[in-house]
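# Remarks on the overall topology
Here is how the chains run, residue by residue.
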Amino acid sequence: RLFCEAGIFRYACHEEFADTSITATLDYDASDTIGDDSDSTSSSCCPAQWLLIANTMNSLSMFVTFLFLLSGIMFDILGGRKCATLGCAILSVGFGILAILLRLLGGV
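This section reports on the structure supplied with the text. (Residues numbered from 1 in each chain as written. Predicted model: local features only at pLDDT ≥ 70, side-chain atom pairs only at ≥ 80, totals over all residues. Heavy atoms only, no water.)

## Here we look at the state of the cysteines
Our working rule: Note that a disulfide, as used here, is simply two cysteine sulfur atoms within 2.5 Å. The secondary structure listing takes helices from DSSP runs of H or I that are at least 4 residues long and strands from runs of E that are at least 2 residues long, numbered from the N terminus. Exposure classes here rest on a 1.4 Å probe applied to the protein chains alone. A residue is buried below 20% of its type maximum, exposed above 50%, and partly exposed in between.
By the definition in use, this model includes one disulfide. A sulfur-sulfur distance of 2.1 Å marks the disulfide that ties Cys-13 to Cys-46. An S-S torsion of about -95 degrees defines the bridge between Cys-13 and Cys-46 as left-handed. Within this pair, whereas Cys-13 is found in the loop between α1 (2-6) and α2 (47-78), its partner Cys-46 is found in the loop between α1 and α2, the two being separated by 33 residues in sequence. Judged by relative accessible area, which is 18%, Cys-46 ranks as buried.

Written out as structure tokens, the structure reads:
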């Protein structure tokens, strides 16, 4: 619901993009919120938007599961010590790239 309210795939709710064959129902009511901000529930998801977000989340979940499978196979082939060294190297390169991007974009 957070992604719907943030406006992800909002284009799917427009008339020219909406698929009339989609008959999905939402699992929540627009008035069902946690907290006191009851005026923030004016935006709700259309069924097409909800299905696009659900499909994206399922696809990303399967991708992560596939990466876990690959890392397990790599652990069996290379061994724990080499995989740990490779993981630390990849992590340090990633942190370095993030630091460079933050520095270039003026974040820090």
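What follows continues from the structure just given.
## Structural notes on helix α3 (residues 80-105)
Counted only if it meets this: Any helix carries an expected span of 1.5 Å times its number of residues minus one.
Compared with an ideal rise of 1.5 Å per residue, which puts 26 residues at 38 Å, α3 spans 37 Å between its outermost C-alpha atoms and is within 8% of the ideal. Gly-106 lies just past α3 and shows a positive phi near 80 degrees.

## A closer look at α2
Under the convention used in this document: Whether two residues are in contact is decided by their heavy atoms, any of which lying within 4.5 Å being enough.
End to end, α2 covers 46 Å across 32 residues, agreeing with the expected 46 Å (1.5 Å per residue, within 8%). The secondary structure elements touched by the buried residues of α2 are α1. Directly after α2, the chain includes Gly-79, whose backbone phi takes a positive value near 100 degrees.

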